[in-house]
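# Structure assessment
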Protein chains: 2
Amino acid sequence: MSPVTRNQVAEYAGVSTAVVSYVVNGGPRAVSPAARERVLEAIRVLGYRPNATARALKVGSTRTFGLITPDGGNPLFAELAKAIDRAAAERGYVVLQTSTDGDPATERAKVAELLARQVSGLVLVTPSEAPDLAGAELPVVAVNRMLPGVSSVGPRYREGARTAVEHLIWHGHKRIALVVGAGGAEREQGWRDALGEAGLSADVVERVGFGREGGYEAGLRLVGRRTGVTAVFASSDLQGVGLLRAFHEAGVEMAVVVFDGTPEAEYCWPPLTVVRQPVEVMAAEVVRQLVEGVVPEAVAFPAELVVRRSCGC
Amino acid sequence: MSPVTRNQVAEYAGVSTAVVSYVVNGGPRAVSPAARERVLEAIRVLGYRPNATARALKVGSTRTFGLITPDGGNPLFAELAKAIDRAAAERGYVVLQTSTDGDPATERAKVAELLARQVSGLVLVTPSEAPDLAGAELPVVAVNRMLPGVSSVGPRYREGARTAVEHLIWHGHKRIALVVGAGGAEREQGWRDALGEAGLSADVVERVGFGREGGYEAGLRLVGRRTGVTAVFASSDLQGVGLLRAFHEAGVEMAVVVFDGTPEAEYCWPPLTVVRQPVEVMAAEVVRQLVEGVVPEAVAFPAELVVRRSCGC
DNA sequence: TTGAAAGCGATACCAT
DNA sequence: ATGGTATCGCTTTCAA
């Protein structure tokens, strides 16, 4: 039993296919109550479900957004995806999500795949490169990463990082390390801003991956080097979690503040003081740009300090 | 500039559209080297990208699987999704992912949406109910949940839970609590099995949500009740993380073993001893069933104990 | 080896 | 208010 088509519905209801279409879509022509009733009945009896594929071909739009993240397992990206999905649903759009494992080739393939599927818009979360749109005319928004010719939405990294480090300074720390991943230049700048302003030296930097392993690795090094560091600012939640593990293992006390602010940072021990990315606001902006098809622009939202125990408060 | 179509490519290359199709798909007819070259050239120059929507309409298959999870932010589901995506990609399928926020109505809507898009198969991760396929003929696999008439893939919950609890018993614990979420009946059974066999009483049960909050809540209650409990088996990583937080806050020592085994459980403190769901194996089986379109069957894989510090080892 | 053309399911204009 | 029908982009059979 292959799927029921609109033709069968029309036949069963004794009307033309046009009428079925009018009923299903609520227009563009009016339909008599009697005919509408018969069509509805036919749809119910036959279990008809419109073929979105055919519809998309005809109308040229899928009302679908593609969303590509490097890693669905990263809680920040998961939060972002969730928020974007919700915001898009409110506007009647569906979001199709995939991830790339951080591999640029996979990223290219997924972009091509979604483009081939005629998505109406594309969201790239920290993409590794500018996408090859090959003449396709669709809105594209990069999240947490600036890309030439593409709209971008993100937090105010520099300002947020600065706030975080200022808080550590306020706690009286004199030697504050930075743990940062690739692409964290703005956060690094914010760290430097705060230290510079306070007349502290910005000389302990650990450059590692953005994940838990990276943070752990940085933690081991910090513990091993005995640089007199008493506090750390890390560029991601996950790094913070990794740091905590290294500090626990070594039995050292160290104040930590991180960027991002996902649930995982709230439930580790000690709970991490974070500078929280305004995920909901960012998602709303992403969807707005996609729906309205604005010209490329870069929008950054303030990130808010959420104080928990890891900073010493 | 609207997207380039196959017609334009054909015209530019001076061949028929059939030839373009043959070149793009590598068949079903052979094409002379000269013509192929001209077509390839035209595709490159024009920036042609086949319309997957139109192709799907014609061939009746999208080579796409839909994947629905209650929550993309749950690390277990994220791991699962990643693994399924990878396994599907190996077979030439694309996975389109969405989540439902655990809301049955949203779940129904997403199922309908994916069905309308003509997905070639559907994966439902811990669905809240049997999906309404309305006559659609496509393979459906439920993960971590049994559903009438639908294939299912999951870990051996009962056996895994038993192993976990046995390990706690081996450590000498006499009073072992259970923290469990809705739908955790099998895990509960495994807990009872182990306790019963050892002649211990199975009387401390906290029924809470599956998330971090649920675990935290359970932890607070366990700490408050002073039941002589010295160890806990929890039905999910997230619950374990929540428990840890409550125990830390109260300053109590408590052995913990949990089900799932995501990265988050490895990086919390103390690192959680887990019974790990064999995510990769499960993903491979899910995709196998989808691709081969087998008749509904229930497959369960052994879960492995991974010993870390939280059990006292 | 290649071209013409039918048809996938749905939309919406042009008639009636 | 309703029906007939051309059309969206692509695949593939049938003929040449």
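Residues numbered from 1 in each chain as written. Chains lettered and ligands numbered in written order. Predicted model: local features only at pLDDT ≥ 70, side-chain atom pairs only at ≥ 80, totals over all residues. Heavy atoms only, no water.

## Regarding the packing of helix α2 (residues 17-25) of chain A against helix α3 (residues 33-46) of chain A
The description of two helices packed together rests on the angle between their axes and the distance between the axes. Residues and elements named next belong to chain A. Across the interface, α2 lies against α3 with an axial gap of 10 Å and an inter-helix angle of 85°. Between α2 and α3, the angle is such that the two are roughly perpendicular. Facing α2, whose interface residues are Val 19, Val 20, Val 23 and Val 24, α3 presents Ala 35, Arg 36, Val 39, Leu 40 and Ile 43. Per-class residue counts for the contact of α2 with α3 are eight nonpolar, no polar and one charged. (Axes fitted to C-alpha atoms, helices over the stretch in contact; angles between N-to-C directions. Helix = DSSP H or I, 4+ residues; strand = E, 2+ residues; numbered from the N terminus. Parallel < 35°, antiparallel > 145°, perpendicular 65-115°, else oblique. Contact = heavy atoms within 4.5 Å. Nonpolar A, V, L, I, M, F, W, Y, C, P; charged D, E, K, R; others polar.)

## Some details on the relation of the copies chain A and chain B
Each copy of the sequence occupies a distinct position, and chain A is placed on chain B by a rotation of 180° and an axial shift of 0.0 Å, giving an RMSD of 0.1 Å. Both chain copies can therefore be described as sitting about a two-fold axis. Both copies contact each other with a shared surface, as 100% of the interface residues of chain A are interface residues in chain B too. (Least-squares fit on C-alpha atoms with pLDDT ≥ 70 in both.)

## Regarding the environment of Glu 159 of chain A
Residues and elements named next belong to chain A. Within the secondary structure, Glu 159 is located in helix α7 (residues 157-170). Remark: the alpha-carbon pair of Glu 159 and Leu 96, spanning 63 residues in sequence, is separated by 32 Å. Within polar-contact distance, the side chain of Glu 159 engages the side chain of Arg 156 at 3.4 Å. (Polar contact = N/O pair within 3.5 Å; in protein donor to acceptor, adjacent residues only side chain to side chain.)

## Remarks on the interface of chain A and chain B
Of the residues lining the interface, 53 residues belong to chain A; the matching set on chain B comes to 53 residues. Together, Arg 49, Tyr 267 and Trp 269 of chain A form the three largest contributors to the area buried by chain A at its contact with chain B, with a combined 17%. Counting across the chain A and chain B interface gives six salt bridges. At the boundary of chain A and chain B, one finds 14 residue pairs in polar contact (both at pLDDT 80 or more). When contributions to the side of chain A that touches chain B are tallied by element, the ones reaching two or more residues are α4 (52-59), α5 (75-90), β2 (94-99), α6 (104-116), α9 (212-225), α10 (237-250) and α11 (263-267) of chain A. It is β2 of chain A that provides the largest number of residues to the side of chain A that touches chain B, a total of six residues. Of the residues that constitute the side of chain A that touches chain B, the class distribution is 21 nonpolar, 14 polar and 18 charged. (Buried area = accessible area lost by both parts, 1.4 Å probe. Salt bridge = Lys/Arg side-chain N within 4 Å of Asp/Glu carboxyl O.)

## Some thoughts on the domain arrangement of chain A
Residue and element names in this part refer to chain A. Looking at the assigned domains, one finds that chain A contains domain 1 (6-50), domain 2 (62-155 + 279-301) and domain 3 (157-277). Each of domain 2 and domain 3 has a C-alpha centre, and these two points are 28 Å apart. At the junction of the two partners, domain 2 supplies eight residues and domain 3 supplies nine residues. When the two sides are added together, the surface that domain 2 and domain 3 hide from each other amounts to roughly 840 Å², 61% of it contributed by carbon and sulfur. The largest share of the area that domain 2 buries against domain 3 comes from Pro 75, Leu 76 and Pro 155, three residues that together contribute 55% of it. Our enumeration of links across domain 2 and domain 3 arrives at zero salt bridges. (Domains from an automatic or database assignment.)

## Observations concerning the sheet that holds strand β9 (residues 255-260) of chain B
In any sheet, the strands associate via hydrogen bonds between backbone groups, in a parallel or an antiparallel arrangement. All names here are of chain B. One open sheet holds the six strands; their spatial order is β7-β6-β8-β9-β10-β12, and the pairing between them is mixed. Each edge of the sheet is formed by a strand with only one pairing partner; in this case those strands are β7 (205-207) and β12 (304-306). Put simply, the sheet's adjacent strands are angled 20° from each other on average, direction ignored. Looking at chain direction, strand β6 (residues 176-180) and β7 are connected through three bridges and run parallel. Within the sheet, the bridge partner assigned to Val 180 lies in β7 and is Arg 207. Along the sheet face, helix α8 (residues 185-197) touches β6, β7, β8 (231-234) and β9 and points at about 170° away from the line of β6. (Pairing = 2+ DSSP bridges.)

## A look at the protein's contact with DNA strand D
In the vicinity of DNA strand D lie 27 residues, with Ser 16, Ser 32 and Lys 58 of chain A together with Arg 6 and Arg 55 of chain B positioned nearest. Counting only the atoms of DNA strand D within 4 Å of the protein, the fraction contributed by sugar and phosphate is 56%. Contact between DNA strand D and Lys 58 of chain A: a base oxygen at 2.5 Å from a side-chain N or O atom of the residue. At a separation of 3.0 Å, a base oxygen of DNA strand D approaches a polar side-chain atom of Tyr 22 of chain B. (Near = heavy atom within 4 Å.)

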